[in-house]
Amino acid sequence: MGKKIVDKIKKTVCILILVFFVSSVTVASVSAASQKTQKQWGSEKKQWENEQNSWEKEKKSWNNEQRNWDNEKQRWNNNKYGDDYKKWENKYKKWQDNYKKWQSRYNKWQGNHKKWLNEYNNRFR
């Protein structure tokens with residue numbers, strides 16, 4: 001009778017150890033899978049910085065073009081009649097449409113970048 005009790009205790013302890021082992025391995029693998037390595041964060045950071053440099057160059061170019069268009073617009077404000085003005089106005093409207101499309105893509109990229117930057121800054125908390 002004493003041997004049966006010891007065997008049941010051994011069996012119960014073995015089952016509990018097995019359950020705890022399996023659960024700890026599962027938890028460890030899930031947490032390891034969800035966290036990026038330092039190398040991954042570094043490569044993503046480099047990629048985001050390269051994209052940011054590219055976007056900043058484009059932004060500078062668009063701002064220069066906008067300044068040029070604004071200067072031309074001031075010159076045309078005095079003479080808003082004729083075919084030349086209509087041609088210029090059509091070109092200006094096309095440029096504005098392209099600028100708005102670019103600005104929309106830029107704003108979307110900025111939102112994604114801010115989201116990633118937030119994750120990057122909070123990765124060890």
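Here, the structure is the one placed above.
The rules behind the values
- Residues numbered from 1 in each chain as written.
- Predicted model: local features only at pLDDT ≥ 70, side-chain atom pairs only at ≥ 80, totals over all residues.
- Heavy atoms only, no water.
- Helix = DSSP H or I, 4+ residues; strand = E, 2+ residues; numbered from the N terminus.
- Expected span 1.5 Å × (residues − 1).
- Buried < 20%, exposed > 50% of the residue type's maximum accessible area, 1.4 Å probe, protein only.
- Contact = heavy atoms within 4.5 Å.
- Core = buried A, V, L, I, M, F, W, Y, C linked by side-chain atoms within 4.5 Å.
- Phe/Tyr/Trp six-rings, centres within 6.5 Å; stacked < 30°, edge-to-face > 60°.

(A) Examining helix α2 (residues 38–76) more closely. The end-to-end C-alpha distance of α2 is 56 Å, a good match for the 57 Å that 39 residues give at a rise of 1.5 Å each. Within α2, burial applies to Trp41, Trp48, Trp55, Trp62 and Trp69. The inward-facing, buried residues of α2 abut α3 (83–121).

(B) Local environment of the nonpolar core. The biggest cluster of nonpolar side chains holds 15 residues, and the ones touching the most others in it are Trp95 and Trp102. The set of elements that each furnish at least two residues to this core consists of α2 and α3. At ten residues, α3 tops the list of elements feeding residues into this core. The residues touching Trp102, leaving out its near neighbours within four places in the chain, are Trp55, Glu58, Lys59 and Trp62.

(C) Quick peek at the packing of aromatic side chains. All chains considered together, the criterion is met by 23 aromatic pairs. Aromatic side chains Trp48 and Trp109 sit 5.9 Å apart centroid to centroid with 45° between the ring planes, which places their arrangement in the tilted category. Here Trp48 is found in helix α2, whereas its partner Trp109 is found in helix α3, with 61 residues between them in sequence. For the pair formed by Trp48 and Trp109, the shared burial category is buried. Each ring, one from Trp69 and one from Trp95, has its centre 6.0 Å from the other, and the planes form 35°; the classification is tilted. Taken together, the positions of Trp69 in helix α2 and Trp95 in helix α3 put the pair 26 residues apart, joining distant regions of the chain.

(D) A look at the side chain of His113. Structurally, His113 is set in helix α3. Apart from residues no more than four positions distant in its own chain, His113 is found in contact with Trp48 and Gln52.

Limitation: the analysis is restricted to geometry and does not speak to function.
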